[in-house]
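Residues per chain, in single letters:
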Amino acid sequence: MNNHEYLKKLSLIAHWKFSREEAEEIIDDYKLFSADMHGDELLTRLGKPSQALVQIQSRTRYSLWLAAFLWMAFCMIGLTIELFSFAQNRYWEAFLLGTGFIISIGWFLKTERGYVYKRPLSKDIPILLLIMLAAICCEWWLFREGNCSSSLQYAKFFRTALLCTGCTSALAGMFGLVMAKLRDRRWRAVYTAALTVLANSVFIFSICHDIHLNRTLQGWWSVYILPGGCIAAAGLFAAIISLF
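Residues numbered from 1 in each chain as written. Predicted model: local features only at pLDDT ≥ 70, side-chain atom pairs only at ≥ 80, totals over all residues. Heavy atoms only, no water.

Q: Even after reading the chapter, I still don't get the overall build of the chain, so can you show me in this structure?
A: A count of helices and strands for the chain gives 10 helices and zero strands. Every one of the 244 residues in the chain was classed for burial, and the buried ones make up 45%. Pairs at least 24 residues apart make up 80% of the contacts formed inside the chain by residues separated by at least 6 positions. (Helix = DSSP H or I, 4+ residues; strand = E, 2+ residues; numbered from the N terminus. Buried < 20%, exposed > 50% of the residue type's maximum accessible area, 1.4 Å probe, protein only. Contact = heavy atoms within 4.5 Å.)

In structure tokens, the structure reads:
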């Protein structure tokens, strides 16, 4: 392991365990300390990158971050489980969606208050956000088109599309969450957008299995505009806040 590889691993661990400002101060200190050292010498004097940070890390702060991360991951996993369930609970889904938004925004607001990024916003973030917006629009379009068709084949296709979209967004959301901690907090917008897509998939899926649904009534779908719009509006609001 050379000096560059050692500092790279140290940087990842520092950003994962500390706030961004603290992590950068630690990395700068280690860069000065190791300027004339080789990787083997660093390993001898400091130990592995994870060992080098043990003595200065705060277990309480790190435990709080792990708790926040696990809950945000649980919100994503919980909604994914709901997507595969035939007995969705909309109050529980709203709780997972709401707390996922609040914690993802609140945690970085608390730990990175006043921190200003010198680098511009990654181009991948708006691209992913646009893809997720398109996914929501496509889901509702397919849902609307499907109600004009009684084809069992179309119903299977629509269910598969919802499951694939939901699972893909869950993976994208977890990626965004990890990137928000390791690279740039603005990646949390990807997490909030992915949570929105997943919640939207679950909501549409629950409509399709609603035993009280009567498609023979004119304008039957209008009752779902308000809750569906609330999910989209909440996700849009959370994503915009997350970009700052």
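Q: Help me understand the packing of helix α5 (residues 59-83) against helix α9 (residues 188-208) in this model?
A: A pair of packed helices is characterised by two quantities: the angle between their axes and the separation of those axes. Close contact between α5 and α9 brings their axes to 9 Å; oriented N to C, the two are set at 25°. With respect to each other, α5 and α9 are oriented roughly parallel. Two packed elements cross with a definite hand, and for α5 against α9 that hand is left-handed. Across the interface between the two elements, Met-72, Cys-75, Met-76, Leu-79, Thr-80, Glu-82 and Leu-83 from α5 touch Tyr-191, Ala-194, Leu-195, Leu-198, Ala-199, Ser-201, Val-202 and Phe-205 from α9. (Axes fitted to C-alpha atoms, helices over the stretch in contact; angles between N-to-C directions. Parallel < 35°, antiparallel > 145°, perpendicular 65-115°, else oblique. Left-handed = near helix turned anticlockwise from the far one by under 90°.)

Q: For this particular structure, what's the right way to read the packing of aromatic side chains?
A: One pair of aromatic rings is described through two measures. These are the centre distance and the angle between the planes. One pass over the structure, following the stated rule, counts 14 aromatic pairs. Here Trp-140 and Phe-143 contribute two aromatic rings whose centre-to-centre distance is 5.6 Å and whose plane-to-plane angle is 90°, an arrangement assigned as edge-to-face. Placement of both Trp-140 and Phe-143 in helix α7 (residues 124-146) is noted, with a separation of three residues, approximately one turn of the helix. What links up through ring pairs into an aromatic cluster is the set Trp-16, Trp-65, Phe-69, Trp-107 and Phe-108. Lys-17 extends its terminal NZ or CZ atom over the ring of Tyr-62, reaching a point 5.5 Å from the ring centre. (Phe/Tyr/Trp six-rings, centres within 6.5 Å; stacked < 30°, edge-to-face > 60°. Lys NZ or Arg CZ within 6 Å of the ring centre and 35° of its normal.)

Q: Honestly, the packing of α9 against helix α10 (residues 225-242) in this entry has me stumped. Any pointers?
A: The N-to-C vectors of α9 and α10 enclose an angle of 170°; their axes lie 8 Å apart at closest approach. The angle between α9 and α10 falls in the class roughly antiparallel. Each of Arg-188, Ala-189, Thr-192, Thr-196, Ala-199, Asn-200 and Phe-203 in α9 lies in contact with α10, whose residues at this interface are Pro-227, Gly-228, Ile-231, Ala-232, Gly-235, Ala-238, Ala-239, Ile-241 and Ser-242.

Q: I tried to follow α9 on my own but got confused; where do I start?
A: Owing to its 3.6 residues per turn, the α-helix brings residues three or four apart onto one side. Over its 21 residues, α9 extends 31 Å from the first C-alpha to the last, a length consistent with the 30 Å expected when each residue adds 1.5 Å. Judged by how many residues are buried, α9 sits mostly within the fold: 20 of 21 residues are covered. (Expected span 1.5 Å × (residues − 1).)

Q: What is the right way to read the confidence of the model for the chain from this model?
A: Close inspection of predicted coordinates is inappropriate for parts of the model with low pLDDT. Across the chain, pLDDT averages 84, with 82% of residues at or above 70. Taken element by element, the predicted model of the chain shows its lowest mean pLDDT in helix α3 (residues 39-46) (65) and its highest in α5 (93). (pLDDT = per-residue confidence, 0-100.)

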